[in-house]
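Close look at the chain arrangement
Each chain, written out:
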Amino acid sequence: AQADIRQLMRYLIVTVLTLSVAIYALFIFCDTPVVAAFNSAQDAALQSIAEDGLRLYFHAIPFAGCNIALSFFTSIGRALPAHCISLLRGLVLIVPMAFALSALFALIGVWLTFPVTELLVTICGVVLYWRSMRTSKTVR
């Protein structure tokens, strides 16, 4: 069972990273038309700010994908780690990160709030995963 969980996690991570690279590449190479679709006034300053922001914001894609993959804890009967990941992503870290990063880096900090939050949650999620796998190994 534990070997199956490890194999599933490998598949999830490879899939997440592959999709992350593809999605990030799409936004890097197609940032101008994506932003232009929402810039009906065709404001050049807004276009530039949004393109730069998009590149920063979407650094979160691989981390968000990993966090979604780590939510598999619920499927193996470990709701507490999954709940922790969900709360960290949606409330506990993102709000303080928004205030702290915007105070430190102004607009760039706002754009980086999501990627930094997702990175920190990924680190916590990996630690929870390792602890869960180690605990289940000693229980059996």
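Coordinates for the structure precede this section.
Report on the accompanying structure. (Residues numbered from 1 in each chain as written. Predicted model: local features only at pLDDT ≥ 70, side-chain atom pairs only at ≥ 80, totals over all residues. Heavy atoms only, no water.)

1. Overview of the overall build of the chain
Using the following cut-off: Secondary structure counts use DSSP, requiring at least four H or I residues in a row for a helix and at least two E residues in a row for a strand, with both numbered from the N terminus. Relative accessibility thresholds used throughout: buried, under 20% of the residue-type maximum; exposed, over 50%; partly exposed, between the two (1.4 Å probe, protein chains only). Here, two residues are considered to be in contact whenever any of their heavy atoms come within 4.5 Å of each other. To measure how exposed things are, a 1.4 Å probe is used in the Shrake-Rupley method; for residues, cover is taken only from the protein chains shown. Positive: Lys, Arg. Negative: Asp, Glu. His and the chain ends are not part of the count. Throughout, a charge is located at the NZ atom of Lys, the CZ atom of Arg, the CG atom of Asp or the CD atom of Glu.
Looking only at helices and strands, one finds 6 helices and 0 strands in the chain. On the principal axes, the C-alpha backbone points of the chain span a range of 60 × 30 × 20 Å. Taken across its 140 residues, the chain has 31% of its residues classed as buried. Across the chain, every contact between residues at least 6 apart in sequence was considered, and the portion connecting residues at least 24 apart equals 69%. Per element, the accessible surface of the chain, about 8,600 Å² overall, is 74% carbon and sulfur. Of the charged side chains in the chain, 9 are positive and 6 negative; the average position of the first set lies 27 Å away from that of the second.

2. Comments concerning the pattern of salt bridges
What counts, and what does not: Salt bridge, as applied in this entry: a Lys or Arg side-chain nitrogen positioned within 4 Å of an Asp or Glu carboxyl oxygen.
Considering all chains together, one arrives at 4 salt bridges under this definition. Notably, a salt bridge pairs R55 with D31, separated by 2.5 Å at the nearest N-O pair. Taken together, the residues R55 in helix 3 (residues 44-57) and D31 in helix 2 (residues 31-38) connect sequence positions 24 residues apart. Residue R55 is classed as partly exposed on the basis of its relative accessible area, which comes to 29%. The exposure class of D31 is buried, given its relative accessible area of 5%. A salt bridge links E118 to R89, with the nearest nitrogen and oxygen atoms 3.0 Å apart. Note that E118 is positioned in helix 6 (residues 94-139) and R89 in helix 5 (residues 79-92), a separation of 29 residues in sequence.

3. Quick look at the nonpolar core
Short version of the rule: Throughout this description, the term nonpolar core refers to a set of buried Ala, Val, Leu, Ile, Met, Phe, Trp, Tyr and Cys residues connected via side-chain atoms within 4.5 Å.
With 12 residues, the main nonpolar core is built from I5, M9, L70, F72, F73, A82, I85, L88, L93, V121, Y129 and M133. Those elements that provide at least two residues to this core are helix 1 (2-29), helix 5 and helix 6. In this structure M133 touches Q2, I5 and R6, once residues within four positions along its chain are discounted. Counting 6 residues, the second-largest nonpolar core is a separate cluster that includes V35, A50, L54 and I61.

4. Some points on the side chain of E118
To keep it simple, the criterion reads: Pairs of N or O atoms within 3.5 Å make up the polar contacts considered here, provided that, within protein, one atom can donate a hydrogen while the other can accept it, and that residues adjacent in sequence are counted only when both atoms are side-chain atoms.
Judged by relative accessible area, which is 2%, E118 ranks as buried. Side-chain polar atoms of E118 contact the side chain of R89, separated by 3.0 Å. Excluding residues that lie within four positions of it along the chain, E118 makes contacts with A60, F63, A64, N67 and R89.

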